[in-house]
Amino acid sequence: MTFPRFSPWSLLVVLLLVAPHVRAQAYEGARREEVDAGVHTPVLTRPPELVRTVEAVYPAEAAAAGRTASVQMLITLDAQGRVSDAQVTAPVGEGFDEAALAAVKQFEFTPAEVDGVPAPIQLQYVYNFVLQAPPPPPEDAPPPVPQSTLTGQLLARGSRTRVEGATVRCGDDPEAPEATSDAEGRFTLRVPSGVCDVRVVAGDYHLFATKETLAPSETTEVIFYLMPKAPGFETVVRGAREKKEVVRRTLERQELQKVPGSFGDPIRVLQNLPGVARAPFITGQLIVRGAAPDQTLTFFDGVEVPLLYHLGGGPSVVNAEFVDRIDFFPGGFGSRYGRAVGGIVDVATRKGASDTLHGSVKVDLLDSGFFLEAPITDGISIAGAARRSYVDVLLPLVLPEDPEGGTLLVLPRYWDYQVRMDFGAKRGEKGAGHSSGYVMAFGSDDLLRVVATGGGRNRDVTVDARTLFHRVKGDWTWRKGNFTSVVTPYFGYDLGSFGFGTTKLDANVWSLGLREDLSLELRPWLVARAGADIRFEHLVGEGTLPSVGGIQYPAFPGAEPLAEVQAIKRVANTFDSALFAEVDVKAGPVTVTPGLRATYSRIYGQTRYALDPRLWARWVLTEKMALKGSLGLYSQPPEAFNLEPAPLGNPRLSYERAFQSSLGVERQITDAIGLDVTGYFNRRYDLVVSPGDRVVNADGSITSYPYSNRGLGRAYGMEVMLRHAVTRNFFGWLAYTLNRSEQRRAGGDPYRLTTFDQTHILTAVGSYRLPYGLELGARMRYVTGRPTTPLQHTFDRYDVDRNRFYGTYGPTDSARFKAFHQLDLRLDKNWLFDRWTLTAYIDVQNVYNASNVEATFYDYRYREQFEVPGIPILPVVGVKGSF
């Protein structure tokens, strides 16, 4: 056996072959020597290092004779570290010299450096030839241990979700064979037969340990149920999306199904975010930064829907299990959104499961519903949900009896459904495109009927109010490289109806739309987005109303006057189209996004245009702190029927407009706690108000319009959100809104408060996971009372013909209701079984039974005011099973 090595003095420089034309260069840290007259002596600043050796061939005769040798050589290395020459300085013969030279010439070294630059050198080297004792003869190998196969599937306990990427081995020995589970949670492990101490390690799951006895040369198939580390709270990490909008608050489904007061409905949690005012009792409206409710739009998967909540303040119109994400923009939203001068809510639904059948059934005192999802074939999955309330059945059982023998029936009823089928092709070869898509149908129906008969009433009263909508939409996404295209066609039908006595009104809307969203990453610092948004609506309004000129007055003191009934019908068509584009430009820590939305509309025969430039900027100061700001114009088209000729409408109406601006800062205080502070100023103008203007025509006649664009509004304030992200046992946030919302008529009185102003809104939400499968959450809210118009407590006049008193009121919205405050609690108990999970909960609203004023009314002579309290303490008990 041969062993090359350096001799003890081999690193001494024997000869420096430095070419005369090589100049000494500056080399910081290198040792230099100066001699007489400043003559410089070259210094070895980095010795060569041997990086590749070749074993020499041991001479056969010398090996047979058992002789060894050490061959001394002088090796010459060039500036690249290669052996350019080698000479034996002390020959030993017997073939050792030739063998050593042949091996050394194939050596490789790192380049030597003289005065800090690569240079050729020579060095002494000794190659040692040493014999080793031959290995002992092999003993008889023991017979191989019989092998067995352990195969099976890993499932999450309680949901049967496939656990991918888990490690399975026998025992704790890191050298033991192991297997990794695939996308279906399946694994196969080959191990010696006998008792196997199974150990399964997977992220977000507790260590699973069991024993399996494996028979020799046989296969054992098992199913292991792994316990999630935190079955109560889960966080799904999809990767952080680039933040463009100054304020986009994204809520995840797993985080928000257990907020107190929401009854397990994630969308109701919007009411607890900064910028959202508290809606009046049972209206369920979204009042964002002081804007009117109809100035904030709601979308499901990019398709506009007419309402967000059942029966005003009830649960949302989509099953909680279907909600994947909620993007809430209180203002400053991107150019892909339009037709709104307030805010935007976009609810994203999720695709069905791709592993196996999953589902849930929920029953509480308000309604019952189910959700199912399952794969159909490879690449195709389906999900569906439905829900129906039964308050209309239970409420008559608890309504108080009329002491005068009459009856009062309040019959609210709602139902909704969602069905979604996903499909997608697998990724092709490198460079090929990838496509996926889905088709979804969803809808909702709300009916509120109030029937009052008999007793001391002058007449029977029946009130019917109904809201219904259906949507069918498709979505096709195609990606290739840095380019993405998303095409979204949709069809919809809406119905709104109201009936009171002889008054009956129906509004039918058929809609057809198409969206195209394009995105292209041109450079790492440059991303472009563009698209088109087209919608056509056919509106039909019809009904019966009391005739204005045919009033028949009953003998005094009868009830209200009777009138003849007249039928009405109106038809209107609306076409609205928009092109939008925006570009993200990154320059170091600063990202600037200019955007533009151009709109063309044809409404009730009238043509309208709008051009809305917008700008966003974000400056990342540090890893945990960023500044952000936005400016932009926003437009909202007028209602179609408001464009009718006078006296019913005003064909001159134009877009309502808004200038929105904001400036804020984000600060990540800890890994789990973040702070977001945003100030904003919104100026709304060209708002549609009533009554309209009186216009003098060319012939001298005067036309009075019921509407005009003379409304002005402004809102300004600050939003603060201190949020604790979902951790193993806790999540929560503290939200505060300071808002001032004012309006006036152009050329009229100074600004006054709007009906939607709520100056201070403070909300605290928290939920903590306790032992034994318990979770406890609380929500506390304080809100400034809403503005109202005060009664002067005197009647203005009495109308003999109508047998009616009329009161006198103070300045509009010059008074306020009392401040609102309320505490809600929620307690959940989870039982986790192998194949399913059972959850029981009690959600208590208004724990300390605060008497919050929601409205007021007066006696028939307008002398006495009565307050209408809100919901008293309301416990809702429910159970939910999921698998």
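Not measured: the values here are computed from a predicted model. (Residues numbered from 1 in each chain as written. Predicted model: local features only at pLDDT ≥ 70, side-chain atom pairs only at ≥ 80, totals over all residues. Heavy atoms only, no water.)

1. Quick look at the pattern of salt bridges
(1) Moving on: Counted by the stated rule, this structure contains 44 salt bridges.
(2) Moving on: Ionic contacts of the salt-bridge type, sharing partners, join the residues Arg336, Arg339, Arg515, Asp517, Asp533, Asp576 and Arg597 into one network. (Salt bridge = Lys/Arg side-chain N within 4 Å of Asp/Glu carboxyl O.)

2. Quick notes on the state of the cysteines
(1) Moving on: In the structure shown here, the tally under the stated rule is 1 disulfide.
(2) Moving on: One disulfide in the model links Cys170 with Cys196; its S-S distance is 1.8 Å. When the S-S torsion is -95°, as for the bridge of Cys170 with Cys196, the disulfide is left-handed. Here the residue Cys170 occupies a position in strand β14 (residues 167–170), and Cys196 occupies one in strand β17 (residues 194–201), the gap between them amounting to 26 residues. (Disulfide = S-S within 2.5 Å. Helix = DSSP H or I, 4+ residues; strand = E, 2+ residues; numbered from the N terminus.)

3. Description of the confidence of the model for the protein
(1) Moving on: Counting all residues, the mean pLDDT for the protein is 81, and 83% of those residues have values of 70 or more.
(2) Moving on: The low-confidence segment residues 1–39, where pLDDT is below 50, has 72 contacts with residues more than four positions distant or belonging to other chains.
(3) Moving on: In this model residues 426–431 is a low-confidence stretch, pLDDT under 50, and it forms 5 contacts with partners more than four residues away in sequence or in other chains. (pLDDT = per-residue confidence, 0-100. Contact = heavy atoms within 4.5 Å.)

4. Observations regarding the sheet that holds strand β11 (residues 117–118)
Paired through backbone hydrogen bonds, the strands of a sheet run either parallel or antiparallel to each other.
(1) Moving on: Ordered by their spatial adjacency, 3 strands build an open sheet running β5-β10-β11, and the pairing between neighbours is antiparallel. The outermost strands of the open sheet, each flanked by one partner alone, are β5 (44–46) and β11.
(2) Moving on: In terms of strand pairing, β5 meets strand β10 (residues 113–114) through 2 bridges, oriented antiparallel. Paired with Arg46 across the strands is Glu113, a residue of β10. (Pairing = 2+ DSSP bridges.)

5. Some points on helix α2 (residues 96–104)
(1) Moving on: Those residues of α2 lying buried are Phe96, Asp97, Ala99, Ala100, Ala103 and Val104. Take α2 and look down its axis: the buried residues cluster within an arc of 165°, on one side only. (Buried < 20%, exposed > 50% of the residue type's maximum accessible area, 1.4 Å probe, protein only. Arc of directions from axis to C-beta.)

6. Thoughts on the packing of aromatic side chains
(1) Moving on: Counted according to the given criterion, the structure contains 23 aromatic pairs.
(2) Moving on: Aromatic pair Phe107 and Tyr127: ring centres 6.5 Å apart, planes at 35°, arrangement tilted. Residue Phe107 is located in the loop between α2 and β9 (108–109), and its partner Tyr127 is located in strand β12 (residues 121–129); the two are separated by 20 residues in the primary sequence. With respect to class, Phe107 is no different from Tyr127; both count as buried.
(3) Moving on: Seen in terms of ring centroids, Trp478 and Phe483 are 6.1 Å apart; in terms of plane orientation they differ by 65°. Their pairing is edge-to-face.
(4) Moving on: Residue Phe483 is classed as partly exposed on the basis of its relative accessible area, which comes to 27%.
(5) Moving on: Aromatic ring contacts, followed pair by pair, group Tyr58, Phe96, Phe107, Tyr125, Tyr127 and Phe129 into a single cluster.
(6) Moving on: A cation over an aromatic ring shows up here: Arg278 above the ring of Phe820, its NZ or CZ 3.7 Å from the ring centre.
(7) Moving on: Sitting over the ring of Tyr841, Arg826 keeps its end group 4.3 Å from the ring centre. (Phe/Tyr/Trp six-rings, centres within 6.5 Å; stacked < 30°, edge-to-face > 60°. Lys NZ or Arg CZ within 6 Å of the ring centre and 35° of its normal.)

7. Observations concerning the side chain of Arg657
(1) Moving on: Locating Arg657 in the fold gives a position in strand β40 (residues 656–668).
(2) Moving on: The exposure class of Arg657 is buried, given its relative accessible area of 15%.
(3) Moving on: Engagement of the side chain of Arg657 in a polar contact is seen with the side chain of Asp612, the distance being 2.9 Å. (Polar contact = N/O pair within 3.5 Å; in protein donor to acceptor, adjacent residues only side chain to side chain.)

8. With respect to the sheet that holds strand β19 (residues 219–226)
(1) Moving on: In space, the 3 strands of this open sheet follow the order β16-β13-β19, with mixed pairing throughout. Each end of this open sheet is capped by a strand with a single partner; those strands are β16 (186–192) and β19. Pairwise comparison of adjacent strand axes, ignoring direction, gives a mean angle of 25° for this sheet.
(2) Moving on: Relative to β16, strand β13 (residues 147–156) runs antiparallel, the two sharing 7 bridges. By the bridge assignment, Gly152 is partnered in β16 with Phe187. (Axes fitted to C-alpha atoms, helices over the stretch in contact; angles between N-to-C directions.)

9. Here's the deal with the environment of Met721
(1) Moving on: Relative to the helices and strands, Met721 resides in strand β44 (residues 708–724).
(2) Moving on: Residues Met721 and Ala764, spaced 43 residues apart in sequence, show a C-alpha to C-alpha distance of 9.9 Å.

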